[in-house]
Amino acid sequence: MDSFHRRSAMPLHIALPLLPLTAGFALAVAPLQAQPPSSASPTVVRSVPPEPKPNRALEAALRDALYPVRIDDGQGHGPDPGSAEGEMVKRNRIRAQCERLPAHRYTWDRVDLSGDGRAEVVAQVVGPMFCGTGGCPLFIFREPGPGRLELITRMSLFKDPLIVAERRHNRWKELITRVRVDAGTSYYAELLYDGRTYPTNPSVAPAIPLRRPEPGTAYLAWNEKEPRAHALSCADTAAKQGL
């Protein structure tokens, strides 16, 4: 046996330091509980209940956002977009898609977010096909004229209420909403207007955890005794009545 194998066959004794077991280190490690990224909460100085009456123009805008359809055959063949025929085909396809799903409801309110003296429309849609444990969709519309709504933001994972802060970013008021981490953990996130829209998901960037308590007004708060939720119909009432 050469000198290398003689050295390798020698017993090897290494003294390892013994680490004391403490309450924070055990053989059976308990599962870690999710920790929220922030513990700051908004200060609600006022709560505005949702509008008690339905809004037909808003219902049409919500159907357009929830049920996107094509009026052509996928190869460019079909009625001209914006034409009377095209609008009729669009309405019929939206109605057919909507009627295949369970009924949904919505709550809505008006609030001036941009500071121009004209209120924007905020709405939450509630129902099994669009809501989950993380929340429901929130929609923010600009109203350039009576009965005309333009979508600014469609936000997922919204949990009421919507807190509208007095602080502004790019001249629009900051929004605050709650984010669910797990069954027992949640935190509040700030949503800043970027010049075109608000963040579409409060749980990821560019949304940020609320850094300090911020005063604001609560909108769209759900009240079990007086829910003020309206049925989201699958067709325009005026169209059905021939108006």
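All values derive from a computational prediction rather than experimental measurement. Sequence order as written defines the numbering, with residues in each chain counted from 1. Since the coordinates come from a predicted model, pLDDT governs what is reported: local features require at least 70, and pairs of side-chain atoms require 80 or more to be given and counted, while whole-chain, interface and lining totals use all residues. The basis for every side-chain value is the complete set of non-hydrogen atoms in the structure, without hydrogens or water.

With that out of the way, let us pick up the packing of aromatic side chains. Each Phe, Tyr or Trp ring (for Trp, its six-membered ring) is paired with any other whose centre lies within 6.5 Å, and the angle between the two planes then decides the class: stacked below 30 degrees, edge-to-face above 60, tilted in between. All told, the structure shown has 5 aromatic pairs when counted by the stated rule. An angle of 70° between the planes, with centres 6.2 Å apart, marks the rings of Trp-172 and Tyr-198 as edge-to-face. One end of the pair, Trp-172, is in strand S7 (residues 172-182); the other, Tyr-198, is in the loop between strand S8 (185-191) and strand S9 (208-209), with 26 residues separating them in the sequence. The same class applies to Trp-172 as to Tyr-198, namely buried. Helix numbering and strand numbering both begin at the N terminus, where a helix is a DSSP run of H or I of at least 4 residues and a strand a DSSP run of E of at least 2. With a 1.4 Å probe rolled over the protein chains alone, any residue whose accessible area is under 20% of its type maximum counts as buried; one over 50% counts as exposed, and the rest are partly exposed.

Think of a salt bridge as a Lys or Arg side-chain nitrogen and an Asp or Glu carboxyl oxygen that are within 4 Å of each other. Taken as a whole and assessed by the stated rule, the structure comprises 11 salt bridges. Here Glu-214 ties to Arg-167 by a salt bridge, and the two come within 3.4 Å at their closest N and O atoms. Note that Glu-214 is positioned in the loop between S9 and strand S10 (215-219) and Arg-167 in strand S6 (residues 162-169), a separation of 47 residues in sequence. Accessibility expressed as a relative area gives 9% for Glu-214, which makes it buried. One network of salt bridges, in which partners are shared, links Arg-167, Glu-174, Glu-190, Arg-211 and Glu-214.

Note on terminology: disulfide denotes any pair of cysteine sulfur atoms within 2.5 Å. Counted under the stated rule, the structure contains 2 disulfides. Disulfide pairing places Cys-98 opposite Cys-234 at an S-S distance of 2.0 Å. Taking the sign of the torsion about the S-S bond as the criterion, the disulfide between Cys-98 and Cys-234, at about -65°, is left-handed. Placement of Cys-98 in helix H3 (residues 84-99) and of Cys-234 in the loop between strand S11 (230-231) and helix H4 (237-240) is noted, with a sequence separation of 136 residues between them. Cys-98 sits in the buried class, given a relative accessible area of 4%.

So, about the confidence of the model for the protein chain. For any part of a model where pLDDT is low, the fine detail of the predicted coordinates should not be relied upon. Each residue carries a pLDDT score, the predictor's own confidence in it, on a scale running from 0 to 100. Per-residue confidence for the protein chain gives a mean pLDDT of 82, with 77% of residues at or over 70. Taken element by element, the protein chain is modelled with least confidence in helix H1 (residues 3-9), mean pLDDT 46, and with most confidence in S10, mean pLDDT 97. In this model, residues 18-33 is a region of pLDDT below 50 whose contacts with residues beyond four sequence positions or in other chains number 1 contact. Note on definitions: a residue-residue contact is assigned when non-hydrogen atoms from the two residues lie within 4.5 Å. Counted against residues more than four places away or in other chains, residues 238-243, with its pLDDT under 50, gives 4 contacts.

What follows covers the sheet that holds S7. Note on pairing: two strands pair once DSSP finds at least 2 bridges between them. Strand order in the open sheet made by the 6 strands is S1-S10-S6-S7-S8-S9, with mixed pairing throughout. Among the strands making up the open sheet, the edge pair consists of strand S1 (43-48) and S9. Pairing of S8 with S9, which is carried by 2 bridges, proceeds in the antiparallel orientation. Note on S9: the bridge partner recorded for Glu-190 is Ile-208.

What follows covers the environment of Ala-229. Inspection of the secondary structure puts Ala-229 in the loop between S10 and S11. Put simply, Ala-229 and Val-126 are 103 residues apart on the chain and 8.6 Å apart in space, counted from C-alpha to C-alpha. Not counting residues up to four positions away in its chain, the partners in contact with Ala-229 are Arg-105, Tyr-106, Thr-107 and Trp-222.

Next up on the list: the nonpolar core. As used in this record, nonpolar core signifies buried Ala, Val, Leu, Ile, Met, Phe, Trp, Tyr and Cys residues forming a set joined through side-chain atoms within 4.5 Å. Leu-113, Val-122, Ile-140, Leu-162, Val-164, Leu-175 and Tyr-198 are the most contacted members of the largest nonpolar core, which has 19 residues in total. Broken down by element, the residue count for this core peaks at 3 residues, all from strand S5 (residues 148-158). Beyond its immediate sequence surroundings of up to four residues, Val-164 is in contact with Val-111, Leu-113, Lys-173, Glu-174, Leu-175, Gly-216, Thr-217 and Tyr-219. Core analysis: the next-biggest nonpolar cluster, separate from the first, contains 17 residues, Leu-62, Ala-65, Trp-108 and Phe-139 among them.

All right, on to the sheet that holds strand S3 (residues 120-126) then. Overall, antiparallel pairing links the 5 strands, which are arranged S5-S4-S3-S2-S11 in an open sheet. The outermost strands of the open sheet, each flanked by one partner alone, are S5 and S11. Pairing geometry for strand S2 (residues 105-111) and S11, over 2 bridges, is antiparallel. By the bridge assignment, Arg-105 is partnered in S11 with Ala-231.

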